[in-house]
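Observations on the three-dimensional arrangement
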Amino acid sequence: MQKIDNYNFAGKKAIVRVDFNVPLDENGKITDDTRIRGALPTLKKILEDGGSLIIMSHMGKPKGKVNPKFSLAQIKDDVAKALGRDVKFAPDCANAEEAAANLKPGEVLLLENLRFYPEEEGKPVGIDKEDPAYEAAKKEMKERQKEFAKKLASYADVYVNDAFGTAHRKHASTAVIADNFAPENKMLGYLMEKEVQAVDNILKDIKRPFTAIMGGSKVSTKIGIIENLMDKVDNLILCGGMTYTFAKAQGGKIGKSIVEDDKLDLALDIIKKAKEKGVNLILGTDCVAANDFSNDAETMICPCNDIPDGWEGLDAGPETRKAFAEAIRPSKTILWNGPAGVFEFDNFTAGSRAIAEAIVEATNNGAFSLVGGGDSVACVNKFGLADQVSYVSTGGGALLEAIEGKILPGVAAIQGK
């Protein structure tokens, strides 16, 4: 497999798939530029070698239609500032031949949002899966997707995928395009290489004890990863909103806390499996409950399984925080995905902060720590601790699928698997 470090981009046009799906405020200003900063080493290597650079990305979910709200024109100046040079803009990603052909070494062209075309995602538009004509529409769209990918590929001599955030999608720009390049002219960018390496550290090069912390509101979205981790971890901390599904499953009273009533049996099954496999499963025992879903609600500390009516659990309580930290501190491999509470509200950050601080302590003592998933990344950034963990992943869904043991199409397309 071609390595970006060994490749000389001098005189070449490189088309790079990045993940510039950055959050914008109501005025179209970037609120977190982590993803742009993450791609800089790859983009700068190409330019410094004397190559010309074509950047492509998606933003949001425009569902195959042009929507100014998701235009990459909004971030052009931020990208130029980050790269320290001018950036040209192609207002139509599928009709940028001339702009690409005119690029000189050291110049940069940013293509408009790839998802303005339904061919990028390759899903038929305006037809239900139940419709008898769906299969034919899908087949036709797959052919159109190949043509779209071929068009994008025609702009450049070399393809670099540095978008880990979309590596789990078999989209035109993340996987299909690679078929148009010889093995020596397609490669992973630095960010992708680091992400793949970080996942390998978690899955293949495990130093024990291994602790995984899974947070977030729903058990259902994490079930695949929880099951895959059961065979690998020593400690499994389940926190956040899913705490209350587990509490209710065991006969607890949870007030008006978030709950998946159709997943109570699944919760009991996870408890049983952990016991059978000798995994130390750590669930919340107490919580910070509130009488309203807001930062300035009244609060009380109470057991997770005895929350009064009209109250809801919004963060891990002091005993729970202590139990989490005690499991994390001596660990040598740590994976964190999902917060312990509604960390967006400043009064409900204590649980997530306790996890983050224990991870930093373990990392200082030689542990490998991987933090991934939008909310966990937002947590460590909010607490100013991102540079004190081993690795912060840019890909939420991609990271989870990789840790579930799934092959990522964006990586497989480069590796020729």
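One can find the structure itself at the top, above this paragraph.
Attention here is on the structure that accompanies the text. Owing to the predicted nature of the structure, the values given are computational and were not obtained by experimental measurement. (Residues numbered from 1 in each chain as written. Predicted model: local features only at pLDDT ≥ 70, side-chain atom pairs only at ≥ 80, totals over all residues. Heavy atoms only, no water.)

Inspection of every chain in the model, using the stated rule, returns 0 disulfides. Not engaged in a disulfide, the cysteine cysteine 287 finds its nearest cysteine sulfur in cysteine 302; these two sulfurs lie 4.1 Å apart. With no disulfide partner, cysteine 379 has as its closest neighbouring cysteine sulfur the one in cysteine 239, 9.4 Å distant. On the accessibility criterion, cysteine 379 (0% relative accessible area) is buried. (Disulfide = S-S within 2.5 Å. Buried < 20%, exposed > 50% of the residue type's maximum accessible area, 1.4 Å probe, protein only.)

This part takes up the pattern of salt bridges. Scanning all chains against the criterion turns up 24 salt bridges. Among the salt bridges present, the one from aspartate 49 reaches lysine 45, with a minimum N-O distance of 2.9 Å. Remark: lysine 45 and aspartate 49 occur in helix α1 (residues 34-49); sequence separation between them is 4 residues, near one turn of the helix. The salt bridge involving glutamate 143 is made with lysine 146; its shortest N-O contact spans 3.4 Å. In this pair, glutamate 143 and lysine 146 are both assigned in helix α5 (residues 134-153), 3 residues apart and thus about one turn of the helix distant. (Salt bridge = Lys/Arg side-chain N within 4 Å of Asp/Glu carboxyl O. Helix = DSSP H or I, 4+ residues; strand = E, 2+ residues; numbered from the N terminus.)

Before going further, it helps to examine the packing of aromatic side chains. Here the structure, examined in full by the defined rule, presents 5 aromatic pairs. Where tyrosine 7 meets phenylalanine 9, the ring centres are 4.7 Å apart and the plane angle is 55°; that geometry is what we call tilted. Taken together, a centroid distance of 6.0 Å and an interplanar angle of 25° make the contact between tyrosine 159 and phenylalanine 181 stacked. A residue pair is termed long-range when its members are at least 10 positions apart, and tyrosine 159 in strand β5 (residues 158-161) and phenylalanine 181 in the loop between β5 and β6 (186-188) qualify at 22 residues. In this structure, tyrosine 159 and phenylalanine 181 share a single accessibility class: buried. The structure contains a cluster of three or more aromatic residues connected by ring pairs, namely Phe293, Phe345 and Phe348. (Phe/Tyr/Trp six-rings, centres within 6.5 Å; stacked < 30°, edge-to-face > 60°.)

Another aspect to go through is the sheet that holds strand β11 (residues 286-290). A sheet is described by the order of its strands in space; here 3 strands give the open sequence β12-β11-β14, paired in antiparallel fashion. Each edge of the open sheet is held by one strand with a lone partner, namely β12 (299-303) and β14 (312-316). Geometrically, the sheet is characterised by an average inter-axis angle of 45° between neighbouring strands, direction not taken into account. Pairing between β11 and β12: 5 bridges, direction antiparallel. By the bridge assignment, cysteine 287 is partnered in β12 with cysteine 302. (Pairing = 2+ DSSP bridges. Axes fitted to C-alpha atoms, helices over the stretch in contact; angles between N-to-C directions.)

What follows deals with the nonpolar core. Nonpolar side chains tend toward joint burial in soluble globular proteins. Ranked by internal contacts, the top residues of the largest apolar core, which has 68 residues, are Ile15, Leu111 and Ile403. Counting 28 residues, the second-largest nonpolar core is a separate cluster that includes Phe9, Ile55, Ile75 and Val87. (Core = buried A, V, L, I, M, F, W, Y, C linked by side-chain atoms within 4.5 Å.)

What follows deals with the packing of α1 against helix α2 (residues 76-83). Across the interface, α1 lies against α2 with an axial gap of 10 Å and an inter-helix angle of 60°. Compared by their axis directions, α1 and α2 come out oblique. Viewed along their axes, α1 and α2 form a crossing whose handedness is right-handed. Together, Ile36, Leu40, Leu43, Lys44 and Leu47 of α1 and Val79, Ala82 and Leu83 of α2 make up the contact between the two elements. Within the contact of α1 with α2, the residues separate by chemical class into 7 nonpolar, no polar and 1 charged. (Parallel < 35°, antiparallel > 145°, perpendicular 65-115°, else oblique. Left-handed = near helix turned anticlockwise from the far one by under 90°. Contact = heavy atoms within 4.5 Å. Nonpolar A, V, L, I, M, F, W, Y, C, P; charged D, E, K, R; others polar.)

Quick look at a positive patch on the surface now. Where like charges cluster on the molecular surface, the positive patch consists of Lys61, Lys63, Lys65 and Arg169. You can call lysine 65 exposed: its relative accessible area is 53%. (Patch = residues over 30% accessible without salt bridge, like charges linked within 9 Å, V, L, I, M, F, W, Y side chains within 5 Å. Areas by Shrake-Rupley, 256 points an atom, 1.4 Å probe, with all protein chains shown as cover. Lys, Arg positive; Asp, Glu negative; His and termini not counted. Charge placed at Lys NZ, Arg CZ, Asp CG, Glu CD.)

We now examine helix α9 (residues 264-277). Residues lying three or four places apart along an α-helix face the same way, a consequence of the helix completing one turn every 3.6 residues. In a regular helix each residue adds 1.5 Å, so 14 residues correspond to 20 Å; α9 covers 20 Å between its end C-alpha atoms and thus fits that length. Taken as a whole, α9 has its buried residues at Leu264, Leu266, Ala267, Ile270, Ile271 and Ala274. Looking straight down α9, one finds that the buried residues subtend no more than 170° of arc, so they occupy a single side. In this structure, α9 carries Asp265 and Glu276 as exposed residues pointing more than 90 degrees from its buried face. Residues of α9 that are buried in the fold lie against α7 (223-230), β8 (235-238), α8 (242-249) and β10 (280-283). (Expected span 1.5 Å × (residues − 1). Arc of directions from axis to C-beta.)

Cis geometry is found at the peptide bond from arginine 208 to proline 209, where omega equals 0°. Looking at the element boundaries, proline 209 is found in the loop between α6 (190-203) and β7 (210-214). The phi dihedral of lysine 63 is positive, around 55°, even though this residue is not glycine. Among the structural elements, lysine 63 can be located in the loop between β2 (52-56) and α2.

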